[in-house]
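What follows is the residue order along each chain.
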Amino acid sequence: MTHADMQMRLDRFRATAAEQGIAPAEVERWMSRLRPFTVLLPCGDGPEAGRWGGNPWLPGDVPHPPFTLVATIDCAALPAEATDLPLPSDGHLLLFADENADECCTFEGTVLYLPAGKALAERPYRDDDEDISWPVESMRQTVVSLHLPTAADDGDTPEHPRGKDLAAAWEATSEYALDERAVQLGGLPTVFNHHPIEDAIEAAGPDGDVCCGGQRLPGLHEDIRRDPPKDEDWVVLATADATPDMVNGQYTDLITWVIPRQDLADLRFDRVYVHHDGGS
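All values reported here derive from a predicted model rather than from experimental measurement. (Residues numbered from 1 in each chain as written. Predicted model: local features only at pLDDT ≥ 70, side-chain atom pairs only at ≥ 80, totals over all residues. Heavy atoms only, no water.)

1. Re the side chain of T83
So, step 1. With respect to the helices, strands and loops of the structure, T83 is situated in the loop between β4 (68-74) and β5 (92-97).
So, step 2. A polar contact of 3.0 Å, which involves the side chain of T83, links it to the backbone nitrogen of L85.
So, step 3. The residues touching T83, leaving out its near neighbours within four places in the chain, are P36, F37, T38, L185 and G186. (Helix = DSSP H or I, 4+ residues; strand = E, 2+ residues; numbered from the N terminus. Polar contact = N/O pair within 3.5 Å; in protein donor to acceptor, adjacent residues only side chain to side chain. Contact = heavy atoms within 4.5 Å.)

2. Brief notes about the environment of D84
So, step 1. Topologically, D84 is positioned in the loop between β4 and β5.
So, step 2. Using a relative accessible area of 29% as the deciding quantity, one classes D84 as partly exposed.
So, step 3. Discounting residues that sit within four places of it in the chain, D84 has contacts with R35, P36 and R261.
So, step 4. A polar side-chain atom of D84 sits 2.9 Å from a polar atom in the side chain of R35. (Buried < 20%, exposed > 50% of the residue type's maximum accessible area, 1.4 Å probe, protein only.)

3. Considering the packing of aromatic side chains
So, step 1. Under the defined criterion, the tally for this structure stands at four aromatic pairs.
So, step 2. On the numbers, 5.4 Å between centres and 65 degrees between planes, the contact of W234 with Y273 is edge-to-face. With W234 in strand β15 (residues 234-242) and Y273 in strand β17 (residues 273-277), this pair connects stretches of sequence that are 39 residues apart. Each of the two residues, W234 as well as Y273, counts as buried.
So, step 3. Among the aromatic residues, those joined into a ring-pair cluster are F13, W30 and W170.
So, step 4. We note R9 situated over the ring of W170; from NZ or CZ to the ring centre the distance is 3.7 Å. (Phe/Tyr/Trp six-rings, centres within 6.5 Å; stacked < 30°, edge-to-face > 60°. Lys NZ or Arg CZ within 6 Å of the ring centre and 35° of its normal.)

4. What about the pairing of β4?
Consecutive side chains along a regular strand alternate between the two faces of the sheet.
So, step 1. Burial runs high along β4: six of the seven residues are buried.
So, step 2. Note: strand β2 (residues 48-52) against β4, three bridges, orientation antiparallel. By the bridge assignment for β4, R51 is matched with T72.
So, step 3. In terms of strand pairing, β4 meets β5 through six bridges, oriented antiparallel. Residue I73 lies in a different strand from β5, and its bridge partner there is L93. (Pairing = 2+ DSSP bridges.)

5. Observations concerning the environment of M139
So, step 1. Along the chain, the position of M139 falls in strand β11 (residues 137-147).
So, step 2. With 67 residues separating them along the chain, M139 and T72 place their C-alpha atoms 9.1 Å apart.

6. Comments concerning unusual backbone geometry
Generally, phi is negative for residues other than glycine and the peptide bonds are trans, each holding for most cases.
So, step 1. One non-glycine residue, L267, lies in the positive phi region at around 55 degrees.
So, step 2. In this structure, L267 sits in the loop between α6 (261-265) and β17.
So, step 3. Of the residues examined, L267 reaches a relative accessible area of 36% and is grouped as partly exposed.

7. Considerations on the pattern of salt bridges
So, step 1. Under the defined criterion, the tally for this structure stands at six salt bridges.
So, step 2. A salt bridge links E28 to R14, with the shortest nitrogen-to-oxygen separation between them at 2.7 Å. Here E28, found in helix α2 (residues 24-31), pairs with R14, found in helix α1 (residues 3-19); they are 14 residues apart in sequence, far enough to count as distant.
So, step 3. The partly exposed category is assigned to E28, whose relative accessible area is 37%.
So, step 4. Through salt bridges that share partners, D11, R14 and E28 make up one connected network. (Salt bridge = Lys/Arg side-chain N within 4 Å of Asp/Glu carboxyl O.)

Scope: geometric values only; no functional claims are made or implied.
Here you go:
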């Protein structure tokens, strides 16, 4: 969906709301809370904006993280309206995750940012001399769309007395669902068993040593517990649909990279939470 397609969807939504007798001022007030996101797909027909799988290209002084590369995002290829995130304007974001994470709600992975202009070399990731990188496919920007900001916005509230009707009209114009080998940037998380942002908030709190039914989380930083971000400061950086055949037989399904918004603006990725969640 291009920017022009999105504008057509917004026009259809406004027309549907008008047919239901909803005041234009209420429609615009409700729409002001929508969150933009973009989707990259191997089968897309938009501009190339990243790569699924493969080995990372890294500077000589940057070690390969102990995780598998899921996707590489070309920040310069993303239009400004693609998300509402403070993404860098150039360089690449490398999204890593633990391919062996076969349990719900594990936090294993990381993100690297590589500024433009650095000398890079391909760096294989091997386990017992076996190359365990994922199959490589180019990804193209396919969807630029909008999400409701919270689940509460699909009902009537004092601020939005016709919220339920507006949400129904919005969903009726929806043409998007996350597909296999897709990467969504921005927007809201997809929830299977647990909510990625809620789990990140819990993990970052004073009792964050355990989460998700008592599971101990690795790699948490004391500074984020001493001064945790506000709940509303956490954002979804990316979501990837990793199907079983793309994860060497593991049934991971959904991987979400969650980060405090200011950390992303500061290009600080040591406090990213990489949330694995299975769909069954």
